[in-house]
Amino acid sequence: MRIKKENGRLSVPDAADIVYIEGDGVGHEITEKMIRVLNAAIEHAYDGKRSINWRKALAGGEAIEKTGCNLPDETIEAIKDSLIAIKGPLMTPVGKGARSINVALRQTLDLYACVRPVEYFEGVPSPLKHPENVDLVIFRENTEDIYAGIEWDEGTEDVKRVIAFLRSEMNVNRIRFPETSAIGVKPVSKEGSERLIRAAIDYAIANKRRSVTLVHKGNIMKFTEGGFLRWGYELAEREYSAYKEDNRLYIPVPDGRIEIKNCICDAFLQNILLHPEAYDVVATLNLNGDYVSDAVAAEVGGIGIAPGANINYMTGAAVFEATHGTAPDIAGKNVVNPLSIILSGVMMLEYIGWTEAAESIRNAIRKMIASGYVTKDLWLLIPEDERRSSYLGTAEFTGMLISSICEI
């Protein structure tokens with residue numbers, strides 16, 4: 001049965017239709033493992049009274065083989081119908097060829113918030129002395145900035161026309177090498193910025209977080225990055241009754257207050273290494289968010305165990321995903337870590353309100369990793385004198401995880 005958005009809330013049937021896309025490379029392995037884990041957790045948590053009806057949709061290499069298109073219209077319609085989807089990694093060409101399928105999904109479905117929670121599991125190797133201090137959620141704007149970027153290649157007639165217009169009509173004189181420049185334009189809107197920041201603030205309130213930090217480069221880009229910052233502060237004051245105290249901005253909540261603050265992106269990348277405990281919920285534009293989310297993930301084990309979601313909080317539509325690449329060099333070798341997509345599945349269960357099943361998976365993962373049962377990627381990062389004798393393969397890790405879920 002379909003999940004619907006009714007009266008501002010998700011209406012989730014006990015037998016819920018959810019779309020899945022296997023993905024390319026290691027996608028087939030990890031997506032199948034994720035489905036097994038979620039099915040086991042749901043069965044265990046609800047004694048068979050709830051279930052997911054998994055609906056397969058095509059994208060990427062398999063879609064090209066079967067339909068000649070890397071993102072068929074049928075896949076978009078299936079996600080619109082089910083409202084919720086989860087997918088494995090999809091191949092994105094670099095420098096030439098078709099644009100990213102991931103970007104196309106986000107743009108077509110208007111999934112404006114890329115949500116990346118970052119938490120530490122005891123036993124995961126980390127370059128930080130105190131990785132347990134890392135506990136934050138990143139809200140990255142998903143439809144503007146470079147994702148909606150417009151470009152003209154160097155040497156083309158189009159770029160010559162753009163440069164000529166900028167110089168003659170707009171009095172732009174800062175293009176240092178106009179004869180050999182490519183030109184790019186990135187749109188950043190007040191509406192797009194506000195809905196992203198609103199989602200971050202709402203999340204902070206709902207989850208009793210301490211602060212929301214707006215990360216930007218407004219010291220250089222005054223009207224795009226700077227606009228994001230300015231619109232965020234104005235939104236907090238207008239819609240959340242934010243007030244100033246000692247030159248700081250706070251939103252009042254029933255059990256205290258949430259601070260609204262900001263940080264320039266390059267300083268933020270330093271601060272999350274030195275003082276990760278200073279940050280809680282982060283809202284930022286697209287390109288900054290790309291850097292920030294992967295950098296913070298590296299502090300707690302890397303993107304191999306980093307979950308992610310792309311959400312439109314107004315329509316309810318959401319696509320959860322493995323955040324890493326397709327890794328074709330290890331596909332089919334039973335060594336890939338399935339936790340990125342499994343933890344994305346945990347996010348999905350939390351999103352639809354099936355929190356008991358979600359928590360059973362998270363607790364089982366904590367138990368396994370703390371006991372040293374990990375896949376090859378994490379095992380290689382553990383000092384030799386602290387390792388178990390060997391690592392678990394993808395299938396073995398999944399089997400042990402399911403057994404652990406059923407024991408909890």
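Just above, that's the structure.
Quick notes on the rules
Residues numbered from 1 in each chain as written. Predicted model: local features only at pLDDT ≥ 70, side-chain atom pairs only at ≥ 80, totals over all residues. Heavy atoms only, no water. 1 Å grid on protein atoms, 1.4 Å probe; cavity = no way out; pocket = protein on both sides within 12 Å on 5 of 7 lines; lining within 4 Å. Points joined across faces, edges and corners; volume = space filled by probe spheres on them. Helix = DSSP H or I, 4+ residues; strand = E, 2+ residues; numbered from the N terminus. Polar contact = N/O pair within 3.5 Å; in protein donor to acceptor, adjacent residues only side chain to side chain. Contact = heavy atoms within 4.5 Å. Phe/Tyr/Trp six-rings, centres within 6.5 Å; stacked < 30°, edge-to-face > 60°. Buried < 20%, exposed > 50% of the residue type's maximum accessible area, 1.4 Å probe, protein only. Lys NZ or Arg CZ within 6 Å of the ring centre and 35° of its normal.

**Student:** Outline the layout of surface pockets, listing residues and values.
**Tutor:** Put simply, the largest pocket is a space of about 1200 Å³. For the largest pocket, the lining is made up of 41 residues, of which Tyr203, Asn207, Tyr313, Glu350 and Tyr351 are closest to its centre. Listing elements by their share of the lining of the largest pocket, those giving two or more residues are strand 2 (9-11), strand 6 (113-119), strand 7 (135-141), helix 6 (190-206), strand 15 (307-311), helix 10 (339-351) and helix 11 (355-370). Top contributing element to the lining of the largest pocket by residue count: helix 6, with six residues.

**Student:** Residues and numbers for the side chain of Glu22, please.
**Tutor:** Inspection of the secondary structure assignment puts Glu22 in the loop between strand 3 (15-21) and helix 1 (27-46). Side-chain polar atoms of Glu22 contact the side chain of His28, separated by 3.1 Å. Setting aside its immediate chain neighbours within four residues, Glu22 contacts Gly27, His28, Thr31, Lys56, Glu62 and Gly88.

**Student:** So, the packing of aromatic side chains: which residues are in play, and what are the values?
**Tutor:** If you walk through the whole model with that rule in mind, you get eight aromatic pairs. Each ring, one from Phe268 and one from Tyr279, has its centre 4.7 Å from the other, and the planes form 70°; the classification is edge-to-face. Of this pair, Phe268 sits in helix 8 (residues 265-274) while Tyr279 sits in the loop between helix 8 and strand 14 (281-284), and the two are eleven residues apart along the sequence. Between Trp379 and Tyr391, the ring centres sit 5.3 Å apart and the planes meet at 65°, which makes this aromatic pair edge-to-face. Note that Trp379 is positioned in helix 12 (residues 376-379) and Tyr391 in the loop between helix 12 and helix 13 (394-407), a separation of twelve residues in sequence. Note on Tyr391: relative accessible area 28%, which makes it partly exposed. Put simply, the rings of Phe139, Tyr203 and Tyr313 touch in pairs and so form one group of aromatic residues. If you follow Arg387 out to its NZ or CZ, it ends over the ring of Trp379, 4.3 Å from the centre. Its end group placed over the ring of Tyr373, Arg388 keeps NZ or CZ at 3.9 Å from the ring centre.

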